[in-house]
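Here are the chains, one letter per residue:
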Amino acid sequence: MDAYKTIAPYYEAVTRRFLAETRTALREICSQSGARRILDIGCGTGLLTGALYGYAEMVIGIDLSPAMLSEAGRSREHSGRKPVLLRADALHPPFKPGSFDLLVYSLVLHESCSGAERLLQAGLQMAPLALVVEWRPPLSIQDIFLLSWRHGIERLAGTEHYRQFKAFIRKGGVPPPAERVVSRLFRRQPLPYTGMDA
């Protein structure tokens, strides 16, 4: 079953404003990395994939949700940007080791039933670097305010998805084993006004 079937048609409208600064920051980080081949894992409606297009020679987005990919195809038709978007499982990606210079995991780890560590290990077979952006537990008054928005968005993806999100936040965000996998690959920094770390 596609947990995003209901929210897919509205996802960009609901999240675009709140995630705009995050996507801009990610685009800048990716641009500065010098990566020529980027894989956007869990690309959803493709907003970030499209934003990265043009900053690298090759940008591919993968997602498991047919509904989100369908929306991505529709919105990219209107924008004229045509990055490659594929339905694929991040745990069993259809790419050879070393196919990419950089992986982007934007709000994906909290969705993994198999665990963040396993998801990251599978990805790091394909690229030497990973950029991870994920919700974090509240650290400030501003984060607490944003928490209600995050809960609303995550709840729209269904009961099981929301249960996983709540467990992820309750456990403190990116778990220590997964952090060990990527600690040598990215610097941790709060992104502006989002309640997320990159």
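For clarity, every value in this text was computed on a predicted model and none was experimentally measured.

Colleague: How do you make sense of the packing of aromatic side chains when you look at a structure like this?
Modeller: A ring pair, where both rings are aromatic, is described by two values, the distance of the centres and the angle of the planes. Under the counting rule described, the total for this entry stands at three aromatic pairs. Measuring from ring centre to ring centre gives 5.0 Å for Phe 95 and Phe 100, while their planes differ by 90°; the resulting arrangement is edge-to-face. Assigned by exposure class, Phe 95 and Phe 100 land together as buried. Ring geometry for Tyr 162 against Phe 165: centres 6.3 Å apart, planes inclined by 25°, an arrangement best described as stacked. Placement of both Tyr 162 and Phe 165 in helix α6 (residues 159-170) is noted, with a separation of three residues, approximately one turn of the helix. Classification of Tyr 162 as buried rests on a relative accessible area of 11%.

Colleague: Help me understand a nonpolar patch on the surface in this model?
Modeller: On the surface, Tyr 10, Val 14 and Leu 156 cluster together into a nonpolar patch covering about 270 Å² of accessible area. Here Val 14 shows up in helix α1 (residues 8-33). Taking relative accessible area as the criterion, Val 14 reaches 31% and is therefore assigned partly exposed.

Colleague: Explain the pattern of salt bridges here, please?
Modeller: When their charged atoms lie close together, side chains carrying opposite charge are able to pair. Per the stated rule, a full pass over the model turns up three salt bridges. Residues Glu 57 and Arg 36 are paired through a salt bridge, measuring 3.1 Å at the closest nitrogen-oxygen approach. Placement of the pair is Glu 57 in the loop between α2 (47-52) and β2 (58-63) and Arg 36 in the loop between α1 and β1 (37-41), with a sequence separation of 21 residues. A relative accessible area of 63% places Glu 57 in the exposed class. With a shortest N-O distance of 2.8 Å, Asp 101 and Arg 37 are connected by a salt bridge. Taken as a pair, Asp 101 in the loop between β3 (84-87) and β4 (102-106) and Arg 37 in strand β1 lie far apart in primary sequence, 64 residues in all.

The rules behind each value
Residues numbered from 1 in each chain as written. Predicted model: local features only at pLDDT ≥ 70, side-chain atom pairs only at ≥ 80, totals over all residues. Heavy atoms only, no water. Phe/Tyr/Trp six-rings, centres within 6.5 Å; stacked < 30°, edge-to-face > 60°. Buried < 20%, exposed > 50% of the residue type's maximum accessible area, 1.4 Å probe, protein only. Helix = DSSP H or I, 4+ residues; strand = E, 2+ residues; numbered from the N terminus. Patch = residues over 30% accessible without salt bridge, like charges linked within 9 Å, V, L, I, M, F, W, Y side chains within 5 Å. Areas by Shrake-Rupley, 256 points an atom, 1.4 Å probe, with all protein chains shown as cover. Salt bridge = Lys/Arg side-chain N within 4 Å of Asp/Glu carboxyl O.

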